[in-house]
Amino acid sequence: MATVGWLGIAGPIWQATKSASPDAWIGFAGNALGAGMTLLAATAAAIAAYWTIIPMRRQLSELVRQNNFAHYERLRQRAAELMDMKVLIENVTANLEVMHRSLARLIRERAPERLASVV
């Protein structure tokens, strides 16, 4: 840090005091003023970028929230559809079981008649 201070600030001043020419002072002042303006512009750009980031972060957060809600809604709807299908399958299975029992009973009742008619 001391080297930068000596080479950037104190060195030019020290060299300017040895010569009577005002060119060195004008060059130093121009460089110092340019560096100050660059620092000011960089600070202003950093502040503007920060102010831009805050609303973008809020907007991104809202977008993520909406996306999560859409996924949740889609999953909820699919779960309801699957539940309806499950109930339908259970009803079909129960009805097939009733039909199976009825047909089995009917076959048992008519089996002796068939055997008698065949013989």
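1. Observations regarding the overall build of the protein chain
Thought 1: Check the secondary structure of the protein chain and you find two helices and zero strands.
Thought 2: Going through the 119 residues of the protein chain one by one, you find that 3% of them count as buried.

2. Topic: the pattern of salt bridges
Thought 1: Under the defined criterion, the tally for this structure stands at six salt bridges.
Thought 2: Residue Arg 101 is joined to Glu 97 by a salt bridge in which the shortest nitrogen-to-oxygen separation is 3.4 Å. Note that Arg 101 and Glu 97 are positioned in helix H2 (residues 23–118) at a spacing of four residues, about one turn of the helix.
Thought 3: Taking the relative accessible area as the measure of exposure, Glu 97 reaches 36% and is therefore partly exposed.
Thought 4: A salt bridge links Glu 109 to Arg 105; the shortest N-O distance between them is 3.7 Å. Here Glu 109 and its partner Arg 105 are both found in helix H2, four residues apart, which amounts to about one turn of the helix.

3. Side note on the environment of Thr 52
Thought 1: In this fold, Thr 52 is placed in helix H2.
Thought 2: Relative accessible area serves as the criterion here: at 44%, Thr 52 is assigned to the partly exposed category.
Thought 3: At 2.8 Å, the side chain of Thr 52 and the backbone oxygen of Ala 48 are in polar contact.

4. Considerations on a nonpolar patch on the surface
Thought 1: On the surface, a cluster of nonpolar side chains totalling about 670 Å² of accessible area is made up of Leu 88, Val 92, Leu 96, Met 99, Leu 103, Leu 106 and Ile 107.
Thought 2: Along the polypeptide, Leu 96 turns up in helix H2.

Cut-offs applied
Residues numbered from 1 in each chain as written. Predicted model: local features only at pLDDT ≥ 70, side-chain atom pairs only at ≥ 80, totals over all residues. Heavy atoms only, no water. Helix = DSSP H or I, 4+ residues; strand = E, 2+ residues; numbered from the N terminus. Buried < 20%, exposed > 50% of the residue type's maximum accessible area, 1.4 Å probe, protein only. Salt bridge = Lys/Arg side-chain N within 4 Å of Asp/Glu carboxyl O. Polar contact = N/O pair within 3.5 Å; in protein donor to acceptor, adjacent residues only side chain to side chain. Patch = residues over 30% accessible without salt bridge, like charges linked within 9 Å, V, L, I, M, F, W, Y side chains within 5 Å. Areas by Shrake-Rupley, 256 points an atom, 1.4 Å probe, with all protein chains shown as cover.

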